[in-house]
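Read off the chains here:
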Amino acid sequence: MALRPPAEVDVTTGLVRALLTVQHPDLADLPLEVVANGWDNVVLRLGDDLAVRVPRRETAAGLVRHEQEWLPGLAARLPVPVPAPVRVGLPSEGSAGPAFPWSWSVVPWFDGLSALAVDRALRRAFAPDLAAFLAALHVPAPPEAPANPFRGVPLTSRDESVRERLLLGHVPDDGALLDLWSRLVEVPAWDGPALWLHGDLHPANLVLAPGDHRLGAVVDFGDMTSGDPATDLATAWITFDAAGRRIFRETVTARCGTDEATWERARAWALVIGTAFAAHSDDDPAFADLGAQTLAQVLRDD
């Protein structure tokens, strides 16, 4: 197993407040605290209603720009709130304020509870909401939509990395996962139009509305891209238990006409993502557990 990628810039409240002072001074005096430190970005809550999303490594810089360019247009037709940027932060060379090499964003803050903190059985309540969100999102994307070599692509492009995790012992496997992957990777590839994808649809990116377990917001569109909708539909195994998955699948299929091959590819994508979480979360027990639970759900469907 391994750790998440190291930060290339130490994103602190002091750095972000200094960036705000120069570029958005009307926001600079609001309370500011770090609330999440992920693989790609640091998220800080800004006052009561805003958050600041700042890349912690160069790989994430382009992803923030994708959100800035595309998310406002997508947000207008989605049935659930998403963090379309309300202010744009620019790279700074340090001549007037702190040096910071990449773009960053000020986005809405969504009150609620991360679905990662909720038992899988309770997540069944928002299965129809998430299905409706994907039905609205999964429409043909323009040719210039962001490219992503790790999402929305043919399963064969992920074959080497999955086999490496399983064969080198990065993920415990008695052979069942490898056998399943060897079958699923042969499922016919998506031959429809390239559809808009969230790209990273796991429970930590789902915010539940205060007071119930309905879907309040979908966040973190850094991996947004276009391609095979099965990548997003993998959340059936990543997020839900068997009962929730049944509700989600039936709702998506009724609204989108999703065929069995797409669901098989979605199961394969859950295996891809589950092995990645399990292999790279030594420093994040919640994601290590999510990886293990995802793989259990993938196997249980047999």
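Heads up: the structure comes first, above all this text.
Thresholds applied
Residues numbered from 1 in each chain as written. Predicted model: local features only at pLDDT ≥ 70, side-chain atom pairs only at ≥ 80, totals over all residues. Heavy atoms only, no water. Core = buried A, V, L, I, M, F, W, Y, C linked by side-chain atoms within 4.5 Å. Buried < 20%, exposed > 50% of the residue type's maximum accessible area, 1.4 Å probe, protein only. Helix = DSSP H or I, 4+ residues; strand = E, 2+ residues; numbered from the N terminus. Contact = heavy atoms within 4.5 Å. Pairing = 2+ DSSP bridges.

Caption draft 1: Looking closely at the nonpolar core. Counting residues in each nonpolar core, the largest one holds 63 residues, and the members touching the most others are L130, F133, V218 and F248. The greatest single-element share of this core, amounting to 11 residues, is contributed by helix α9 (residues 260-279). Ignoring sequence-local partners within four residues, the contact set of F133 consists of L78, P79, V80, V82, V218 and F221. With 20 residues, the next largest nonpolar core counts V16, L20, L44 and V54 among its residues.

Caption draft 2: The sheet that holds strand β11 (residues 215-218), seen in detail. Strand order across the open sheet formed by three strands is β8-β10-β11, with antiparallel pairing between neighbours. Two strands lie at the open edges of the sheet, namely β8 (113-114) and β11, each paired on one side alone. Two strands pair when backbone bridges link them, and β8 and strand β10 (residues 206-208) are joined in this way by two bridges, in the antiparallel orientation. Along β10, the bridge assignment pairs S114 with V207.

Caption draft 3: The arrangement of the pairing of strand β3 (residues 50-55) in detail. Burial analysis of β3 places six of its six residues in the buried class, the great majority of the element. Neither face of β3 is left uncovered, since the one carrying L50, V52 and V54 and the one carrying A51, R53 and P55 both have all their residues buried. Sheet analysis places strand β2 (residues 41-46) next to β3, joined by six bridges and oriented antiparallel. Each residue of the ladder has a partner; that of V42, found in β3, is V54.

Caption draft 4: Structural context of the environment of A242. Among the secondary structure elements, A242 is positioned in helix α8 (residues 242-256). Judged by its relative accessible area of 37%, A242 is partly exposed. Sequence-wise, A242 and T294 are 52 residues apart; in three dimensions their C-alpha atoms are separated by 11 Å.

So far we have only geometry, and geometry alone does not tell us how the molecule works.
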